There are 4 protein chains.
Amino acid sequence: MPEPIKSSSLPWPYVSPGIPDELFDQLPGIPMTKRETRLLLLSQLRLQEDTTLWDIGAGTGTIPVEAGRLCRHGHIVAIERDDEVANLIRTNCDRFGVTNVTVIQGSAPECLAELTTPPHRVCLEGGRSVRDILRQVWKYLLPQGRVVATATSLEHLYAISETFSELQARNVEVVQSVINRLETRGNNQVFTAVDPIFILSGDKYS
Amino acid sequence: MPEPIKSSSLPWPYVSPGIPDELFDQLPGIPMTKRETRLLLLSQLRLQEDTTLWDIGAGTGTIPVEAGRLCRHGHIVAIERDDEVANLIRTNCDRFGVTNVTVIQGSAPECLAELTTPPHRVCLEGGRSVRDILRQVWKYLLPQGRVVATATSLEHLYAISETFSELQARNVEVVQSVINRLETRGNNQVFTAVDPIFILSGDKYS
Amino acid sequence: MPEPIKSSSLPWPYVSPGIPDELFDQLPGIPMTKRETRLLLLSQLRLQEDTTLWDIGAGTGTIPVEAGRLCRHGHIVAIERDDEVANLIRTNCDRFGVTNVTVIQGSAPECLAELTTPPHRVCLEGGRSVRDILRQVWKYLLPQGRVVATATSLEHLYAISETFSELQARNVEVVQSVINRLETRGNNQVFTAVDPIFILSGDKYS
Amino acid sequence: MPEPIKSSSLPWPYVSPGIPDELFDQLPGIPMTKRETRLLLLSQLRLQEDTTLWDIGAGTGTIPVEAGRLCRHGHIVAIERDDEVANLIRTNCDRFGVTNVTVIQGSAPECLAELTTPPHRVCLEGGRSVRDILRQVWKYLLPQGRVVATATSLEHLYAISETFSELQARNVEVVQSVINRLETRGNNQVFTAVDPIFILSGDKYS
């Protein structure tokens, strides 16, 4: 007879990704990749146990936390411009017991030159100049590497799609996530929409 | 310097869930839980390494395969009425090197009485009488257990929601997945919709 | 050679429905049927030039305004519990030059007994007891009449659907509107979601 | 006491737009603008009673039929490359008693030079070279005119958006329609998705 689910000192004792949004420490105005979008991103990243992942524009740090848990022997480099937000990412890693994330406070693409380990995977969640960042990232990306990027605006959707073409990325995929949640408002369960987001992926061959 | 992503004899060497639909063996007319919906289901199931999961109405077997990979020391029981479909699930487990799945050919809720190990988690993907199955499943479910069910029709959405109320399930959540994919048609990338699906979850406390 | 589009003293000189939301007078906290949803509602109402329409829970009055414009020789009765909101509806009718709307300040279903003209069509946009209102409305509805109702919560979706069954409504249709708009935020055009809404329609035969 | 809704010899006796898809004559493989998308298109076209509208790539003819009904004193020019499809449009106009539609069998943008009446409004529903057509259309468009275009692919979404910028179109709007319908399958009502479509609008000022 199996035991009931074990309690744990950690706030999220599960191996399946998708930590509820409200379990993360948050700062007002700092973007957070919502649970449903995060699941699609992690899936498109195609992680292995020992993957080296760069996460650029890491915001609240939900991707570093979840990727750090999946890649037990891997290494996550989270790049974030803002000092206070960089600390938020560290706080969230501590909260979920994640120890294989390095937070770099710096501005992409300039700060990428200082990173010593080239990545298998890059997650591009934002940044002022998405074209430049994507072009630079592509140089550092290992063969058979993969970039997954999010776009919430038409401009970013274009920019990423065009830059993937320019870089001759292979297997380019675009998925749009349009999730509705039923949320409790008083006595009712009201349908609310999560703002739609596009997720673009592309592979590097050589 | 890290090595490039390793090749593998398995068709899916990654630890992040979300195996592409086309990598599964399929039979015409047999339902398959699409990748994007599967990610939401796995996340709502909140799996641990040693979870015992019952998957009722397992269809193509995508949930047993992905859950079997996440729960390394766990056990997945896939229940499927149809003989040929039960074999399809076995084929897909073999294909992805998953060895901790037992396929039971039988009809829920009757066949549940024969199962010797009560579950921590139940995934309910279909079935003629969803109310009866849910009521029976609840009896076998371990304390702190959790049921996740999908609904593609208004009738099933009602039935599951009402039965959760009747059973006094806690933390009931409903999410609707409305995914659009950009698919290649000739020279164009055309937006296509994945049919919307509702995912309902509820916890048992004692 | 045709003349360019004529200017007009009215803020909306067009015959096609779908007045932009921001052209209506609004009060904080008072619900407004958004343009995209309004189009679906008006279409499902199947209006004729001389239709008598009851609009129950009329809120900001967007449906009375648009229906009043389409039914030139018809009559729209807008029912609204709140005094201030009833005045808002009158203001919006004046603003768009609509003269065939009567605003009744009262509470459905009680106030329906005072209405002297039975309706061809009923639009049900809210109300505390949607089941009771729907049952009462059905009694007053003319033969070959039609009710169109909106639901933003699972409870209302159930209640309306079940009451249509109970009343043996015919040709019941359910449509869910999930609209995304591209809105300007600074220099970017960001995709934002309009909260999803269900629109249910049913016909009375005798 | 009002009379019940009148019967009519026409298949659609209503003034509100949104004729059900199945009432149109159809040819296999010929695109049809679905009801929910059509409502958004007609609304964005901002039609007046005497509007001259060009509909380019008219397909099954649903827009000419509905616009012809709304613009009683206007004129709709439907342009369609294929001979058989041009006849389909004529059949559908006859079916709904619409007499103010002229069907031109020809290929845009070349055939536009032969049209003698410049348009207030242009609806662009397809075409091999959407950039060229949009540039040519803009020359013929009357001051204060408006173009509404649909895109089902990322390429068309880009092409239209960029050409609107190049032409300095004003008040550019993008709406994405993601409609789910509940359809009867056996004894169940199953949620099905209408493929998402983008609708872009832009105004010409001088």
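Residues numbered from 1 in each chain as written. Chains lettered and ligands numbered in written order. Predicted model: local features only at pLDDT ≥ 70, side-chain atom pairs only at ≥ 80, totals over all residues. Heavy atoms only, no water.

(A) Molecular detail of the pattern of salt bridges. Taken as a whole and judged by the stated rule, the model has 52 salt bridges over all chains. Residues Arg72 of chain A and Glu49 of chain B are paired through a salt bridge, measuring 2.5 Å at the closest nitrogen-oxygen approach. With Arg72 of chain A in the loop between α2 (62–70) and β2 (75–80) and Glu49 of chain B in the loop between α1 (35–45) and β1 (52–56), this residue pair bridges two chains. Judged by relative accessible area, which is 41%, Arg72 of chain A ranks as partly exposed. The class of Glu49 of chain B is partly exposed, set by a relative accessible area of 23%. Taken together, the shared-partner salt bridges connect Asp21, Arg35, Glu36, Arg38, Glu66 and Arg181 of chain A into one network. (Salt bridge = Lys/Arg side-chain N within 4 Å of Asp/Glu carboxyl O. Helix = DSSP H or I, 4+ residues; strand = E, 2+ residues; numbered from the N terminus. Buried < 20%, exposed > 50% of the residue type's maximum accessible area, 1.4 Å probe, protein only.)

(B) Representation of the interface of chain B and chain A in the model. Contact with chain B, which involves 49 residues of that partner, is made by 49 residues of chain A. Summed over the shared surface of chain B and chain A, the result is two salt bridges. In this structure, the connection of chain B to chain A is made through 14 residue pairs in polar contact (both at pLDDT 80 or more). Of all the elements in the fold, those that place two or more residues in the side of chain B that touches chain A are α1 and β6 (170–185) of chain B. At ten residues, the largest contribution of residues to the side of chain B that touches chain A is made by β6 of chain B. Along the lines of polarity and charge, the residues of the side of chain B that touches chain A split into 25 nonpolar, 13 polar and eleven charged. Note: strand β6 (residues 170–185) of chain A against β6 of chain B, seven bridges, orientation antiparallel. When the sheet's bridge partners are listed, Val175 of chain A is paired in β6 of chain B with Arg181 of chain B. (Contact = heavy atoms within 4.5 Å. Polar contact = N/O pair within 3.5 Å; in protein donor to acceptor, adjacent residues only side chain to side chain. Nonpolar A, V, L, I, M, F, W, Y, C, P; charged D, E, K, R; others polar. Pairing = 2+ DSSP bridges.)

(C) Here's a closer look at the pairing of strand β6 (residues 170–185) of chain C. Pairing analysis gives six bridges linking β6 of chain C to strand β8 (residues 197–203) of chain C, with the strands arranged antiparallel. The residue bridging Arg170 of chain C from the neighbouring strand is Asp203 of chain C, located in β8 of chain C. Across eight bridges, β6 of chain C lies against strand β6 (residues 170–185) of chain D in antiparallel orientation. Looking at β6 of chain D, one finds that Gln176 of chain C is bridged to Asn180 of chain D. With six bridges joining them, β6 of chain C and strand β7 (residues 188–193) of chain C adopt antiparallel strand pairing. Its bridge partner lying in β7 of chain C, Asn180 of chain C is registered against Ala193 of chain C. Adjacent in sequence and paired antiparallel, β6 of chain C and β7 of chain C are bridged by two residues, among which Gly186 of chain C carries a positive phi angle near 65°.

(D) A look at the packing of aromatic side chains. Residue and element names in this part refer to chain B. Enumeration according to the criterion identifies 26 aromatic pairs over all chains in this entry. When the centroid spacing of 5.7 Å and the interplanar angle of 50° are considered together, the rings of Trp54 and Tyr140 count as tilted. With Trp54 in strand β1 and Tyr140 in helix α4 (residues 130–140), this residue pair connects regions lying 86 residues apart in the sequence. Given the relative accessible area of 1%, Trp54 is considered buried. Residues Trp138 and Phe164 carry aromatic rings whose centres are separated by 6.2 Å and whose planes lie at 70° to one another, so their mutual orientation is edge-to-face. Linking Trp138 in helix α4 with Phe164 in helix α5 (residues 154–166), this pair joins segments that are 26 residues apart in sequence. The buried category is assigned to Trp138, whose relative accessible area is 9%. Residue Phe164 is classed as buried on the basis of its relative accessible area of 1%. (Phe/Tyr/Trp six-rings, centres within 6.5 Å; stacked < 30°, edge-to-face > 60°.)

(E) Main features of the packing of α5 of chain B against helix α5 (residues 154–166) of chain C. Packing of α5 of chain B against α5 of chain C leaves a shortest axis separation of 11 Å and a crossing angle of 120°. Viewed along their axes, α5 of chain B and α5 of chain C adopt a mutual orientation that is oblique. By crossing handedness, the relation of α5 of chain B to α5 of chain C is classed as left-handed. Here Leu154, Leu157, Tyr158, Ser161 and Glu162 of chain B of α5 of chain B come into contact with α5 of chain C, specifically with Leu154, Leu157, Tyr158, Ser161 and Glu162 of chain C. Classifying every residue of the contact of α5 of chain B with α5 of chain C by side-chain character gives six nonpolar, two polar and two charged. (Axes fitted to C-alpha atoms, helices over the stretch in contact; angles between N-to-C directions. Parallel < 35°, antiparallel > 145°, perpendicular 65-115°, else oblique. Left-handed = near helix turned anticlockwise from the far one by under 90°.)

(F) Inspection of the relation of the copies chain C and chain B at higher detail. Take chain C, turn it by 180°, move it 0.0 Å along the axis, and it overlays chain B with an RMSD of 0.0 Å. Overall, the copies show the geometry of a two-fold rotation axis. For chain C, the residue whose C-alpha comes nearest the rotation axis is Tyr158 of chain C, separated from it by 3.6 Å. Of the interface residues in chain C, 100% have counterparts in chain B that sit at the interface too, so the contact is made through matching surfaces. (Least-squares fit on C-alpha atoms with pLDDT ≥ 70 in both.)

(G) Representation of the relation of the copies chain B and chain A. Superposition record for chain B on chain A: RMSD 0.0 Å, screw rotation 180°, translation along axis 0.0 Å. Of the residues that chain B buries at the interface, 100% are likewise interface residues in chain A, meaning the two copies contact each other through the same surface.

(H) Up close: helix α4 (residues 130–140) of chain A. All names here are of chain A. Among the residues of α4, those classed as buried are Val130, Ile133, Leu134, Val137 and Trp138. Each buried residue of α4 sits inside an arc of 135° when the element is viewed along its axis, so together they form one side. Tucked inside the fold, the buried residues of α4 contact β1 (52–56), β4 (121–124), β5 (146–151), α5 (154–166) and β8 (197–203). (Arc of directions from axis to C-beta.)

(I) Quick peek at the side chain of Arg35 of chain C. With respect to the helices and strands, Arg35 of chain C occurs in helix α1 (residues 35–45). When sequence neighbours within four positions are dropped, the list of residues in contact with Arg35 of chain C reads Gly18, Ile19, Pro20, Asp21 and Arg181 of chain C together with Ser43, Gln44, Glu173 and Val175 of chain D.

(J) Molecular detail of the confidence of the model for chain A. Here chain A averages 91 in pLDDT, while 96% of its residues score no lower than 70. Taken together, the chains of this predicted complex give a pTM of 0.87 and an interface ipTM of 0.90. (pLDDT = per-residue confidence, 0-100.)

(K) Up close: the interface of chain C and chain B. Every contact between the two is made by eight residues of chain C and, on the other side, eight residues of chain B. The largest per-residue losses of area from chain C upon contact with chain B belong to Leu154, Tyr158 and Gln176 of chain C, which jointly make up 54% of the total buried on that side. Seen at the junction of chain C and chain B, the total is five residue pairs in polar contact (both at pLDDT 80 or more). Contributions of two or more residues to the side of chain C that touches chain B are made by α5 and β6 of chain C. (Buried area = accessible area lost by both parts, 1.4 Å probe.)

(L) Main features of unusual backbone geometry. In this model, Ala108 of chain C is joined to Pro109 of chain C through a cis peptide bond whose omega is 5°. Within the fold, Pro109 of chain C resides in the loop between β3 (101–105) and β4 (121–124). The backbone of Asn171 of chain B sits at a positive phi, close to 50°, despite the residue not being glycine. What makes Asn171 of chain B partly exposed here is its relative accessible area of 45%.

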